[in-house]
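As a plain string of letters, each chain reads:
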Amino acid sequence: MSVVLWPHFCGDSKDEWAFWNEFVTWETTDPDFTLCMQKSVFQWVPSIFILICSLFYLPYLIKRPTKFYGNVSKFNLFKVITMLILVFLSCMDFFKTITEEVNGESPRGVLWLHSILGILTWSYVAFLMRYEYTKGVHSSGSLFFFWFIQLIIGIVTFRSFIRYASMKEHDVYRTVTGMISFPVVVVEFFCHCFADKSALDSLNPDEVDVDERSEEKKPLLSFQNGDTSSRNMHKS
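Everything numeric here is computed off the predicted structure, so don't read it as measured data.

J.: I would appreciate a short explanation of the overall build of the protein chain in the present structure.
T.: Per the secondary structure count, the protein chain includes 10 helices and 2 strands. Each of the 236 residues in the protein chain was classed as buried or not, and the buried ones make up 42%. A fraction of 69% describes how many contacts in the protein chain between residues 6 or more apart in sequence connect residues 24 or more apart.

Put into structure tokens, the structure is as follows:
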């Protein structure tokens, strides 16, 4: 059974553009999610996640001392530039949608929302990564889990791109931009598995917490309990 939410949002009742279709997802030997589901809910989940985290995280960052701007971390700069690739691809999708509208093709509402929300989300994350660096934050749990969610969703959508690419009728332009986006997401995820050791280098030593300085060179996913127990053994 197909579930179409607002014809102008998802489109017509074709199987691949219905918001939900059990014959596409469950009752099939080649399960997949519909394109409308992928371009709506799959994008909304990580965007809402980082928004909720920011409600608590940004006030914490604002209260931290700001580092000097003399030094620029190549690692942080690489992550930001990589983010700009995602912003560029979302802008290209947006301009593609505008072109379709001008040509009278009446693009689906979900395509408008997908491209606009993509530009806003990627731009905000790029800003957040740079802002963290200026505040001396060498690792971010919020961004790590954001990219982890993006990675899981990206695996599903990347498979769908390959599947739809084999069909005669498919959106070649958005398939290509989507397939380019996935490797970028993978790179960002692995970059956020490690702390930026230079994030604290330009802060005033009096403003840097001792625990932060001692942890700055450790990966984001370090075994804190094991480290604590080893220190206790040395003290005894």
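There is more to say, and it comes next.
J.: I would appreciate a short explanation of the state of the cysteines in the present structure.
T.: Disulfides are covalent bonds that connect the sulfur atoms of two cysteines. Within this structure, the stated rule accounts for 0 disulfides. We note that Cys191 lacks a disulfide partner, and the nearest cysteine sulfur, in Cys193, lies 8.9 Å from it. Classification of Cys191 by relative accessible area gives buried; the value is 9%.

J.: Which parts of the structure should I look at to understand the environment of His170?
T.: Turning to its location among the elements, His170 is positioned in the loop between helix H7 (141–165) and helix H8 (172–191). Take His170: its relative accessible area is 26%, and that puts it in the partly exposed class. Apart from residues lying up to four places away in sequence, His170 is in contact with Tyr164, Ala165 and Thr175.

J.: Help me out: how do you make sense of helix H4 (residues 41–63) in this one?
T.: Side chains three or four residues apart in an α-helix point the same way, a direct result of the helix having 3.6 residues per turn. Between the first and last C-alpha of H4 there are 34 Å, a value that for 23 residues agrees with the 33 Å anticipated at 1.5 Å per step. Its maximal kink placed at Ser54, H4 deviates by approximately 45°.

About the cut-offs
Residues numbered from 1 in each chain as written. Predicted model: local features only at pLDDT ≥ 70, side-chain atom pairs only at ≥ 80, totals over all residues. Heavy atoms only, no water. Helix = DSSP H or I, 4+ residues; strand = E, 2+ residues; numbered from the N terminus. Buried < 20%, exposed > 50% of the residue type's maximum accessible area, 1.4 Å probe, protein only. Contact = heavy atoms within 4.5 Å. Disulfide = S-S within 2.5 Å. Expected span 1.5 Å × (residues − 1). Bend = angle between axes of the 7 residues up to and from the residue.

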